[in-house]
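# Summary of the model geometry
Here's the letter readout for the chains.
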Amino acid sequence: MTILRPYQNLAISLLRQAFKDGHTRLLYQGATGSGKTVMFVELARRTAAQGNRVCILVHRRELLRQASRSLKAAGVYHNLIARGEPHRDALVTVASKDTLRRRDGHEFDLVIVDEAHHAVANTYKSIMSASAWVLGVTATPCRLSGRGLSTVFDTLICGPSIKELTPQYLSPYSLYAPPCQVDLRGMRALGGDYQKDALDQAMDTRQITGDAVEHYKRYLNGRPAIAFCCSVKHAYHVAEQFQAAGFRADGVDGTLDQDTRDDRIAALGDGRLNVLTSCDLISEGLDIPVVAGAILLRPTKSLNIYLQQVGRVLRVAPGKTQAVILDHVGNVWRHGLPDMDREWSLTEGVVKPPKEAEVREAVKQCPECFYAHTP
């Protein structure tokens, strides 16, 4: 049986009480790496033990496998609804949203939506509308544009912050932010963020990637790291330059078959790769605690994307004393340090998001090594 941390037990108690009080659309915010999957798996187990049907809804196959592994570890018999999976008669189901939407006749008492900041999409709404209770779970309870999620959820419950969870449950980190060599003023925007094709042209240069490789050598030098890039093409170009510098590097993207994707992600965890590069595929849900470095090569106006990316390296692991974040695109000046205090709201997303001038006033930086920190 899984032993829950005190704050996970508290979260389950608060969520169960909120349902008893008549709330039907709950959203739980928990920091990346705080064990949200373990928590909602336990809630699913308890709900199913009372004879209720539960669906854990995910938007990518990697997250489906991750949820299934956690259910197995907790001893929960379950069904998988995804392409190529056989049907099992079980009270708990893990489903890909796209596959479930195409199938009829599925009714659940509780739907748990992983990475619930995506839940504003119509594909989610149609599934959730047929459920008595809905629980969304996310580290970032806002849309990519920064707007809140009040159109989908009616109650927000927040877990402990990154600062409160460090160092007992999350890894300390060091963040280095060399000057961004690209002037983003006037850069085209789409949907509240920089337009990808414009970013790709600006960021996919040997000078920028060369600096990233040099800083990786200096601060990580062989330790497992993820490089977050602007496009699939950019990701593979970055991997090539890491390879040219003598590191084991490769890219991963949605066009690869599932076995190849799984193998490359696993290779980062078992030491066969030093650096894995990607565009959007692994900024959410990736659970490889040994990963020590995040290399930010994609400027973003989205706090959501920023926190999801840096959160990939904050999990604790044996022998891991510190994570390293290499911010080559100035995201820290747009959004602040990962563990700064943030107040979340269903209607507003983040209450009073900081302006860049305020961040630069609050965050100090070494002029020689570019280490960014609070005084």
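Not measured: the values here are computed from a predicted model. (Residues numbered from 1 in each chain as written. Predicted model: local features only at pLDDT ≥ 70, side-chain atom pairs only at ≥ 80, totals over all residues. Heavy atoms only, no water.)

### Looking at the overall build of the protein
Stated precisely, the cut-off is as follows: Strands here are runs of E lasting at least two residues and helices are runs of H or I lasting at least four, both read from the DSSP assignment and numbered beginning at the N terminus. Exposure classes here rest on a 1.4 Å probe applied to the protein chains alone. A residue is buried below 20% of its type maximum, exposed above 50%, and partly exposed in between. Only heavy atoms matter for contacts: two residues are in contact if any of them lie within 4.5 Å across the pair. All accessibility values rest on the Shrake-Rupley procedure with a 1.4 Å probe; residue burial counts only the protein chains present in the view. In this charge count, Lys and Arg are treated as positive and Asp and Glu as negative; neither His nor the chain ends contribute. Lysine's charge is taken at NZ, arginine's at CZ, aspartate's at CG and glutamate's at CD.
Secondary structure assignment for the protein yields 13 helices and 19 strands. Dimensions of the protein, computed from the C-alpha atoms along their principal axes, are close to 60 × 45 × 40 Å. With 375 residues in all, the protein has 57% of them scored as buried. In the protein, the proportion of contacts linking residues at least 24 apart, taken out of those at least 6 apart, comes to 73%. Only carbon and sulfur atoms are counted for the fraction: they give 50% of the accessible area of the protein, which is about 16300 Å². If the 46 positive side-chain charges of the protein are averaged to one point and the 40 negative ones to another, these points end up 2 Å apart.

### Some thoughts on the sheet that holds strand β8 (residues 173-176)
Condition: The criterion for strand pairing is that DSSP finds at least two bridges linking the strands in question.
Taken together, the eight strands give an open sheet; going across it, the order is β12-β13-β11-β14-β15-β8-β19-β18, and neighbouring strands pair in mixed fashion. The open sheet has two free edges, formed respectively by β12 (249-251) and β18 (364-365), since each of these has just one partner strand. The pairing of β8 with strand β15 (residues 323-327) spans four bridges and is parallel. Along β15, the bridge assignment pairs Leu-175 with Ile-325.

### Quick notes on the sheet that holds strand β7 (residues 155-158)
Selection criterion: Where helices are involved, their axes are fitted lines through C-alpha atoms of the stretch in contact, as for all axes, and angles between N-to-C directions lie from 0 to 180°.
One open sheet accounts for seven strands, arranged β3-β4-β2-β5-β6-β1-β7; its pairing is parallel. One side of each edge strand has no neighbouring strand; the edge strands of this open sheet are β3 (78-81) and β7. The mean inter-strand angle of the sheet, taken between neighbouring strand axes irrespective of direction, is 20 degrees. Where strand β1 (residues 25-29) lies against strand β6 (residues 133-138), five bridges are found, and the strand directions are parallel. Pairing of Tyr-28 across the sheet is with Val-137, part of β6. Sheet strands touched by helix α1 (residues 6-20): β1, β5 (110-114), β6 and β7. Its angle to β1, the strand with the most contacts, is close to 165 degrees.

### Quick look at the pairing of β15
Remember that side chains alternate between the two faces of the sheet whenever the strand is regular. Counting buried residues in β15 gives five out of five residues, a clear majority hidden from the surface. Covered by surrounding structure in β15 are Ala-323, Ile-325 and Asp-327 together with Val-324 and Leu-326, the residues of both alternating faces. Where strand β14 (residues 293-296) meets β15, four bridges bridge the pair, whose relative direction is parallel. Bridging across to β15, Ile-295 finds its partner in Leu-326.

### Comments concerning the pattern of salt bridges
The criterion, for reference: Between Lys or Arg on one side and Asp or Glu on the other, a salt bridge is scored when a side-chain nitrogen of the former is within 4 Å of a carboxyl oxygen of the latter.
Here the structure, examined in full by the defined rule, presents 10 salt bridges. Two residues, Glu-42 and Arg-45, come together in a salt bridge whose shortest N-O distance is 2.7 Å. Of this pair, Glu-42 and Arg-45 both sit in helix α2 (residues 36-49), three residues apart, which is roughly one turn of that helix. Given a relative accessible area of 7%, Glu-42 falls into the buried group. Ionic pairing is found between Glu-214 and Lys-217, a salt bridge with its closest N-O pair at 3.5 Å. Of this pair, Glu-214 and Lys-217 both sit in helix α8 (residues 206-219), three residues apart, which is roughly one turn of that helix. Its relative accessible area of 41% is what places Glu-214 among the partly exposed residues. Counted as one network, the salt bridges with shared partners bring together Glu-42, Arg-45 and Arg-46.

### Observations regarding helix α7 (residues 196-203)
Turning to α7, its buried residues number three or more, namely Ala-198, Leu-199, Asp-200, Ala-202 and Met-203. On its buried face, α7 is in contact with β10 (193-194), α8 and α9 (232-244).

### Topic: unusual backbone geometry
The omega torsion of the bond from Thr-166 to Pro-167 falls at 5 degrees, within 30 degrees of zero and hence cis. Within the fold, Pro-167 resides in the loop between α6 (162-165) and β8. Its identity as a non-glycine residue notwithstanding, Glu-115 has a phi of 50 degrees, on the positive side. Within the secondary structure, Glu-115 sits in the loop between β5 and α5 (122-128). In this structure, Lys-352 takes a positive phi of about 55 degrees despite not being glycine. Lys-352 gets classed as exposed once you look at its relative accessible area, which sits at 76%.

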